[in-house]
Amino acid sequence: MARAGLTAELVTQAAADMADEIGFHNVTVSALARRFGVKPAALYSHVKDVQDVRVRVAVLALAELADGAAAALAGRAGKDALVSFANAYRSYAKRHPGRYAAMQTELDLETALASAARRHAEMTRAILRGYALPEPDQTDAVRMLHSTFHGYVSLETAGGFRRHPREVDASWSRTLDALDAVLRNWPPAR
């Protein structure tokens, strides 16, 4: 029987908070149970297992970031849209490191299609329409942007840039300038 007051949503939110505090891969059903002061078996009325918890956190994080990115993009185009989107992405990853790690979880096709992952792709493609990129160039550019954002944020949050005197924000700004220049001067298809 489910414990009064516990829901799948409450367990998911607690797991997301815990992921930010102790790391996504340290979230377990046992750790969540301790947080709620219940035995692990009490959570199985709400979640299937730790993988279900992790997928739920990933879906939550995708939705949160999509909402934040959409708000940042509102009314913007071109480089302004690119910078706003990138800053929303970076800010979310720094504020919510565990949730951000969860977003890297591979989702099955049905879950991915039902999640906000599609919104992320649509927003990125909307930015790229401002650069007049046709397919398949749009797909290549989406991959380039995601790889650049993810790589930069992952290195930054892991402390990879701490040992250099150049300000991380200044390098981020130059990276976005460079991406804008590449998108404006996209090489012709081969």
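Note that the structure is predicted; figures quoted are calculated from it, not measured. (Residues numbered from 1 in each chain as written. Predicted model: local features only at pLDDT ≥ 70, side-chain atom pairs only at ≥ 80, totals over all residues. Heavy atoms only, no water.)

Details of the packing of aromatic side chains
Between two aromatic rings, the relevant description is the distance of the centres plus the angle of the planes. Applying the stated rule across the entire model yields six aromatic pairs. Measuring from centroid to centroid gives 5.6 Å for Tyr89 and Tyr100, while their planes differ by 80°, and the two rings are edge-to-face. Linking Tyr89 in helix α5 (residues 78–95) with Tyr100 in helix α6 (residues 97–102), this pair joins segments that are eleven residues apart in sequence. For the pair Tyr89 and Phe149, a centre-to-centre distance of 5.6 Å together with 50° between the ring planes defines the contact as tilted. Here Phe149 lies in helix α9 (residues 137–157) and Tyr89 lies in helix α5, a separation of 60 residues in the sequence. (Phe/Tyr/Trp six-rings, centres within 6.5 Å; stacked < 30°, edge-to-face > 60°. Helix = DSSP H or I, 4+ residues; strand = E, 2+ residues; numbered from the N terminus.)

Digging into the environment of Gln13
Mapped onto the secondary structure, Gln13 falls in helix α1 (residues 8–22). Residues Gln13 and Val53, spaced 40 residues apart in sequence, show a C-alpha to C-alpha distance of 9.8 Å. Those residues in contact with Gln13 that sit more than four places away from it in its chain are Leu60 and Arg99. (Contact = heavy atoms within 4.5 Å.)

Let's talk about the environment of Met103
Within the secondary structure layout, Met103 lies in the loop between α6 and α7 (109–114). We classify Met103 as buried; its relative accessible area is 13%. Residues Met103 and Phe24 lie 79 residues apart in sequence; the distance between their C-alpha atoms is 10.0 Å. Once residues within four sequence positions are removed from consideration, Met103 is found in contact with Ala58, Ala61, Leu62, Leu65 and Tyr92. (Buried < 20%, exposed > 50% of the residue type's maximum accessible area, 1.4 Å probe, protein only.)

A short note on the nonpolar core
Membership of the largest hydrophobic core comes to 58 residues, with the highest contact counts inside it found for Leu32, Leu43, Leu82, Leu128, Phe149 and Leu183. Among the elements that take part in this core, helix α4 (residues 50–73) stands out by supplying eleven residues, more than any other. Setting aside residues no more than four positions away along its own chain, Phe149 makes contact with Leu82, Phe85, Ala86, Tyr89, Trp172, Leu176 and Leu179. (Core = buried A, V, L, I, M, F, W, Y, C linked by side-chain atoms within 4.5 Å.)

What about helix α8 (residues 117–129)?
Between the first and last C-alpha of α8 there are 19 Å, a value that for 13 residues agrees with the 18 Å anticipated at 1.5 Å per step. Looking at α8, one finds that the buried residues are His120, Met123, Thr124, Ile127 and Leu128. For α8, the angular spread of buried residues about the axis comes to 140°, placing them on one side. The inward-facing, buried residues of α8 contact α4, α5, α9 and α10 (168–184). (Expected span 1.5 Å × (residues − 1). Arc of directions from axis to C-beta.)

Re the confidence of the model for the protein chain
Atom-level detail of predicted coordinates should not be read off regions where pLDDT is low. Per-residue pLDDT for the protein chain averages 93, and the proportion of residues at 70 or more is 98%. Of all the helices and strands in the protein chain, helix α3 (residues 40–43) carries the lowest mean pLDDT, 88, while α10 carries the highest, 97. (pLDDT = per-residue confidence, 0-100.)

Re unusual backbone geometry
With an omega of 0°, the peptide bond running from Glu135 to Pro136 counts as cis. Assignment of secondary structure puts Pro136 in the loop between α8 and α9. Located in the positive-phi region is Ala132, a residue other than glycine, with phi close to 55°. Looking at the element boundaries, Ala132 is found in the loop between α8 and α9. With a relative accessible area of 64%, Ala132 lands in the exposed category.

With respect to the environment of Arg163
In this fold, Arg163 is placed in the loop between α9 and α10. Residue class for Arg163 comes out exposed when judged on its relative accessible area of 81%. Residues Arg163 and Ala42, spaced 121 residues apart in sequence, show a C-alpha to C-alpha distance of 46 Å.

Here's the deal with the packing of α4 against α8
Between α4 and α8, the least distance of the axes is 9 Å, while the angle of their chain directions is 25°. When the axes of α4 and α8 are compared, the pair comes out roughly parallel. The way α4 lies across α8 gives a crossing that is left-handed. Packed against α4, whose contacting residues are Leu62, Ala63, Leu65, Ala66, Asp67, Ala69, Ala70 and Leu73, the element α8 presents Ala117, Arg119, His120, Met123 and Ile127 at the interface. Tallied by class, residues from the contact of α4 with α8 come to ten nonpolar, one polar and two charged. (Axes fitted to C-alpha atoms, helices over the stretch in contact; angles between N-to-C directions. Parallel < 35°, antiparallel > 145°, perpendicular 65-115°, else oblique. Left-handed = near helix turned anticlockwise from the far one by under 90°. Nonpolar A, V, L, I, M, F, W, Y, C, P; charged D, E, K, R; others polar.)

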